[in-house]
Structure formats: C-alpha cells, structure tokens
Amino acid sequence: MGQIIGTIIFGAVIGILARLVLPGKQQMGMIITVLLGIAGALIGYWVWEGLLDKGNTNGIDWIRWIISIAAAAVLSLGYAAVTGKK
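Residues numbered from 1 in each chain as written. Predicted model: local features only at pLDDT ≥ 70, side-chain atom pairs only at ≥ 80, totals over all residues. Heavy atoms only, no water.

**Notes on the overall build of the chain**
Just so we agree on the cut-off: A run of H or I in DSSP counts as a helix once it spans at least four residues, and a run of E counts as a strand once it spans at least two, with each numbered from the N terminus. Note on method: radius of gyration uses C-alpha positions; expected globular size equals 2.2 Å times residues raised to 0.38. Between buried and exposed lies partly exposed: a residue is buried under 20% and exposed over 50% of the maximum accessible area for its type, with that area taken using a 1.4 Å probe on protein chains only. Residue contacts follow a heavy-atom distance rule, with two residues in contact if any of their heavy atoms lie within 4.5 Å. Per-residue accessibility takes into account occlusion by the displayed protein chains alone, with areas from the Shrake-Rupley method and a 1.4 Å probe.
Counting secondary structure elements, the chain contains three helices and zero strands. Each helix (α) and strand (β) of the chain, taken in turn from the N terminus, gives the series α-α-α. The C-alpha radius of gyration computed for the chain amounts to 13 Å, which stays within 12% of the reference 12 Å derived for 86 residues, consistent with globular compactness. Based on the C-alpha atoms only, the size of the chain along its principal axes is roughly 40 × 30 × 20 Å. In the chain, buried positions account for 34% of the 86 residues. In the chain, 58% of the contacts between residues at least 6 apart in sequence involve partners at least 24 apart. Accessible area for the chain stands at about 5,600 Å²; split by element, carbon and sulfur atoms hold 71% of it.

What follows is the structure, encoded as structure tokens:
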C-alpha cells in the first residue's frame with residue numbers, strides 16, 4: 001500500500017513539474033496530471049534502467065528526473081492534442 005501511495009505522490013510531482021515547463025495554461029484536471037505524471041515517471045525509469053542501463057545509484061538521479069518530466073510533458077502535449085484542450 002505504501003508503494004502505491006508513493007507512486008501517486010511521485011506522479012503528482014512529476015506531472016506538476018511537467019506542466020510548469022510547458023508554455024501557457026493547460027486545461028486538464030489534477031487526476032489527469034497525476035496519471036500523466038505516473039506514466040512519465042514509469043517511462044523515465046524504463047529509459048534510465050532499461051535503455052541506458054544505469055540502475056540504482058547513490059543519491060538523487062537528476063537525469064532520471066529530467067527524463068521523467070520530459071516524458072510527462074510530451075504525454076501532456078499528446079493529451080491536449082487528442083482531446084482538443086489547450
């Protein structure tokens with residue numbers, strides 16, 4: 001249960017940071033922001049560990065955070081394009 005709550009909180013942080021880097025105001029609710037943030041975080045972890053083969057390191061993995069935020073931002077743009085909301 002703690003892992004699920006941690007994932008939701010991490011997804012919310014990633015989603016909010018992704019929306020901050022996008023220009024303009026995005027018309028999406030908090031639930032969509034969290035879901036896209038969770039998806040971006042999962043993509044970031046997959047790229048970091050799967051493709052770049054970095055695994056766990058000591059301290060904060062800033063590059064993994066940047067990849068996660070970028071992935072969530074791209075997903076947010078895709079959501080806006082599909083739903084027509086800007």
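**So, the side chain of S76**
Tracing the backbone through its elements, the reader meets S76 in helix α3 (residues 62–83). If we skip the residues at most four places from it in the chain, S76 touches L22, M28 and L36.

**Quick word on helix α2 (residues 30–51)**
Let me state the cut-off plainly: The span one expects for a helix is its residue count, reduced by one, times 1.5 Å.
If you check α2, its first and last C-alpha atoms are 30 Å apart, about what 22 residues at 1.5 Å a residue would give, namely 32 Å. Turning to α2, its buried residues are T33, V34, L36, G37, I38, G40, A41, G44, V47 and W48. Where the residues of α2 are buried, they touch α1 (2–21) and α3. Once α2 ends, the next one or two residues include D53, with phi positive near 55 degrees.

**A short note on the packing of aromatic side chains**
The cut-off we apply is this: For Phe, Tyr and Trp, where Trp contributes only its six-membered ring, two rings pair if their centres lie within 6.5 Å, and the inter-plane angle classes them as stacked under 30 degrees, edge-to-face over 60, or tilted in between.
Tallied over the entire structure, the rule returns two aromatic pairs. Consider the rings of F10 and W65, whose centres lie 4.8 Å apart with planes at 85 degrees: the pair is edge-to-face. You can see F10 sitting in helix α1 and its partner W65 sitting in helix α3, a full 55 residues away along the chain. Given a relative accessible area of 25%, W65 falls into the partly exposed group.

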